[in-house]
Amino acid sequence: MPAPAAQSDEDLMLAYAAGDAAAFDALYARHKGGIYRYLLRQCRQGGVADELFQDVWMNLIRARASYVPTAKFTTWLYRLAHNRLIDHYRASGHLTLVSADDEAHEDAVAALPGARGDEPQARVENRELGERLRSAVASLPPAQREAFLLQQEGGLSLAEIAELTGVGTETVKSRLRYALAKLRSDLVDLDELREGHG
Amino acid sequence: MSEIERDRRIDSAWRAASREEPPPALDAAIGAAARRAVDAAPGPRRNKHWWYPLAAAATVAVLAVSIAQLTPPEQVAPTIVADMAVAPREAQQDVERRSAAVEEKPAAPPVALATPPPAQVPAKPAPGVAAGTLLSERARVAAPTEMKKQALQAKRESSPQDKLASAAPETASANTAASAPASAPVVAPRSEPFPAAPAADSRRDVYQEERPATVNAPAGAATAQAPQSRIAAAKVARTDEVKAKDASARSVEEWIKRIRDLKNDGRLDEAAKELAAFRAAYGERADALLPADLRQIKTPAK
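Residues numbered from 1 in each chain as written. Chains lettered and ligands numbered in written order. Predicted model: local features only at pLDDT ≥ 70, side-chain atom pairs only at ≥ 80, totals over all residues. Heavy atoms only, no water.

Draft legend 1. Expanded view of the overall build of chain A. Regarding its fold elements, chain A presents 10 helices and zero strands. Per-residue burial over chain A gives 51% buried out of 198 residues. Contacts spanning at least 24 positions in sequence make up 67% of the contacts within chain A whose residues lie at least 6 apart. Summed over its atoms, the accessible surface of chain A is roughly 8800 Å², and 50% of this surface lies on carbon and sulfur atoms. (Helix = DSSP H or I, 4+ residues; strand = E, 2+ residues; numbered from the N terminus. Buried < 20%, exposed > 50% of the residue type's maximum accessible area, 1.4 Å probe, protein only. Contact = heavy atoms within 4.5 Å. Areas by Shrake-Rupley, 256 points an atom, 1.4 Å probe, with all protein chains shown as cover.)

The structure is reproduced here in structure tokens:
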């Protein structure tokens, strides 16, 4: 039997379903960071993210016997997280996913917060790129942010994101395009500041 | 499907910026829950139907026992039938041994014979007879087909006189297990071969004496041979029962007369057969009942 590190996610999940606790440890080590950050960036509250994160993994433990590797394990895992997040939104009354998928919503996207270029002090202080980026992502519309996080944290493809979120691939592509454009625009000021210092 | 072109700068910046991890306490809690779930499970890939083969085996065993109980013995075990085929030879050998033992024994003191004349045989059998009949019934259950064959064969071989005697009530049985001791014959004087009045106890004694003789197998021999085969014993018992009918119905005088006639006619083989049958029927009392001239006929070799 190969070492857990060399096994695929699907094999590890099957092994855990068969009673191998070490397989779960390997799976958890691989995906805990991505899932946690996905939830954290979406709900933006550490305590809530912890709760949702635990719920996601508990759901995985409960569903281990019925797991069938018909799709990529990562897609299945992030679907669990996505569904749990939707439940959280519904329970808290904050299910306000803004659709910014086409040109008709360009105005709404432009009105979203996060235009850090308006803050001259941020440019001057040359704050870390990471912080600017996290802020920029946090300012993205939820649908774009989710697509971006699924791509960055989960490593999912367009098709996988489309399947998980229940939309078409073109819609996902559009969301990602808008998200990247927004992030680039947020980071332009920082680049200009660096070039000016250089 | 074409993937959207990714911005390497944003990707690297995001990897550098997004490094949050769940709290260690959360890791421990989730890991413990995962192990608990696995430990609480009955077992990985455990067959839920493990009891199916066991149930099937038990069913087959029950069916086998039921069929074995419902099937006649001769169809169950051919070896038993083979034992039954051997039984007559064993019984004949026992008769010969028994006859030899009787000849060597000293004659019992003449006492009033308890044997009743055949005409006065009571219709209702004595208690001993009843017990013997019960045992013979058991034997009949054990090997009914073979016993019927033996009975038919015995009837075919019997003389017309025997056929007449067979009409008398059944008084003999095949109580092979509880045979009377060989040293208890009550023999009448030669001049008075028949008892004046039959008594129940003496009748039982007669029955117990007759039983081994009529089956061509002495009681002691039958007891000794019993462990060999139950079926063989049952066969002997059945044969006893059939022949006992003839023997009990035939008077000693008629029997002696027939033996003498056969001897006088030069039919020594038949006379010897009749003599052997007489000895078998009356056991140790046979010599006391027989005239001296008829004791010397040798039993034909088989």
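Draft legend 2. The overall build of chain B, seen in detail. When you go through chain B residue by residue, the secondary structure sums to 14 helices and zero strands. For chain B, the N- to C-terminal ordering of α and β elements is α-α-α-α-α-α-α-α-α-α-α-α-α-α. Here chain B holds 302 residues, and 41% of them are scored as buried. The long-range share in chain B, meaning contacts at least 24 apart out of those at least 6 apart in sequence, stands at 86%. Accessible area for chain B stands at about 16700 Å²; split by element, carbon and sulfur atoms hold 59% of it.

Draft legend 3. Representation of the environment of Ala22 of chain A in the model. All names here are of chain A. For Ala22, the position within the fold is in helix 2 (residues 21-43). Accessibility expressed as a relative area gives 38% for Ala22, which makes it partly exposed. For the pair Ala22 and Leu12, spaced 10 residues apart in the sequence, the C-alpha separation amounts to 8.7 Å.

Draft legend 4. Structural view of the interface of chain B and chain A. Taken together, the contact pairs 32 residues of chain B with 44 residues of chain A. Summed over the shared surface of chain B and chain A, the result is four salt bridges. Taking the shortest distance from any N to any O, the salt bridge between Asp25 of chain A and Arg35 of chain B comes out at 2.6 Å. For the pair chain B and chain A, the number of links is 14 residue pairs in polar contact (both at pLDDT 80 or more). Of all the secondary structure elements, the ones that give two or more residues to the side of chain B that touches chain A are helix 1 (8-17) and helix 2 (24-40) of chain B. (Salt bridge = Lys/Arg side-chain N within 4 Å of Asp/Glu carboxyl O. Polar contact = N/O pair within 3.5 Å; in protein donor to acceptor, adjacent residues only side chain to side chain.)

Draft legend 5. A look at the packing of helix 3 (residues 46-62) of chain A against helix 2 of chain B. At a minimum axis distance of 10 Å, the contact between helix 3 of chain A and helix 2 of chain B shows a crossing angle of 15 degrees. Classed by the angle they form, the pair helix 3 of chain A and helix 2 of chain B counts as roughly parallel. The crossing of helix 3 of chain A and helix 2 of chain B is right-handed. Facing Asp50, Phe53, Gln54, Trp57, Met58 and Ile61 of chain A of helix 3 of chain A, the residues of helix 2 of chain B in contact are Leu26, Ala29, Ile30, Ala33, Ala34 and Ala37 of chain B. Here the contact of helix 3 of chain A with helix 2 of chain B is composed, by residue class, of 10 nonpolar, one polar and one charged. (Axes fitted to C-alpha atoms, helices over the stretch in contact; angles between N-to-C directions. Parallel < 35°, antiparallel > 145°, perpendicular 65-115°, else oblique. Left-handed = near helix turned anticlockwise from the far one by under 90°. Nonpolar A, V, L, I, M, F, W, Y, C, P; charged D, E, K, R; others polar.)

Draft legend 6. Fine view of unusual backbone geometry. Of note in this structure, Arg44 of chain A is not a glycine but carries a positive phi near 65 degrees. Tracing the backbone shows Arg44 of chain A in the loop between helix 2 and helix 3.

Draft legend 7. Structural detail: the pattern of salt bridges. All names here are of chain A. Scanning the model with the defined rule gives 16 salt bridges over all chains in all. Its salt-bridge partner being Asp55, residue Arg84 comes within 2.9 Å of it at the nearest N-O pair. Placement of Arg84 in helix 4 (residues 73-92) and of Asp55 in helix 3 is noted, with a sequence separation of 29 residues between them. For Arg84, a relative accessible area of 17% gives the class buried. For Asp55, a relative accessible area of 24% translates into the label partly exposed.

Draft legend 8. Main features of the packing of aromatic side chains. Counted according to the given criterion, the structure contains 16 aromatic pairs over all chains. Both rings, one in Phe278 of chain B and one in Tyr282 of chain B, keep their centres 4.7 Å apart while their planes meet at 35 degrees; by these two values the pair is tilted. With Phe278 of chain B and Tyr282 of chain B both in helix 13 (residues 268-282), this residue pair falls four residues apart, about one helical turn. Pair check on accessibility: Phe278 of chain B and Tyr282 of chain B agree, each one buried. Of the aromatic side chains, those joined through ring pairs into one cluster are Tyr16, Phe24, Tyr28, Tyr36, Phe53 and Trp57 of chain A. (Phe/Tyr/Trp six-rings, centres within 6.5 Å; stacked < 30°, edge-to-face > 60°.)

Draft legend 9. How the structure looks around the packing of helix 1 (residues 9-17) of chain A against helix 2 of chain A. Residue and element names in this part refer to chain A. Two elements in contact, helix 1 and helix 2, have axes whose closest approach is 7 Å; the angle formed by their N-to-C orientations is 140 degrees. As judged from the angle between their axes, helix 1 and helix 2 are oblique. With respect to the hand of their crossing, helix 1 and helix 2 are arranged in left-handed fashion. In this structure, helix 1 uses Asp9, Leu12, Met13, Ala15 and Tyr16 to contact helix 2, whose residues at the interface are Ala21, Ala23, Phe24, Ala26, Leu27, Arg30 and His31.

Draft legend 10. Geometry of a nonpolar patch on the surface. A surface patch of nonpolar side chains, amounting to about 490 Å² of accessible area, comprises Trp50, Trp51, Tyr52 and Leu54 of chain B. With respect to the element layout, Tyr52 of chain B can be found in helix 3 (residues 51-70). (Patch = residues over 30% accessible without salt bridge, like charges linked within 9 Å, V, L, I, M, F, W, Y side chains within 5 Å.)

Draft legend 11. Spatial organisation of helix 1 of chain A. Taken as a whole, helix 1 of chain A has its buried residues at Asp9, Leu12, Met13, Ala15 and Tyr16 of chain A. All buried residues of helix 1 of chain A fall inside an arc of 160 degrees around its axis, so they share one side. Where helix 1 of chain A is buried, its residues meet helix 2, helix 3 and helix 4 of chain A together with helix 2 of chain B. Phi turns positive one or two residues past the end of helix 1 of chain A, at Gly19 of chain A, with a value near 115 degrees. (Arc of directions from axis to C-beta.)

Draft legend 12. How the structure looks around the confidence of the model for chain B. Residues and elements named next belong to chain B. Per-residue pLDDT for chain B has a mean of 63; in total, 36% of the residues score no lower than 70. Per-residue pLDDT stays below 50 along residues 107-144; that stretch engages in 75 contacts with residues further than four places along the chain or on separate chains. In the predicted structure, residues 159-223 sits below a pLDDT of 50 and forms 168 contacts with residues beyond four places in sequence or in another chain. Both scores are given for the predicted complex: the pTM is 0.44, the ipTM 0.79. (pLDDT = per-residue confidence, 0-100.)

Draft legend 13. Structural detail: the confidence of the model for chain A. Averaged over every residue, the pLDDT of chain A is 81; the share at 70 or more is 75%. Contacts from residues 98-126 of chain A, a stretch scored under 50 in pLDDT, to residues over four places away or in other chains number 51 contacts.

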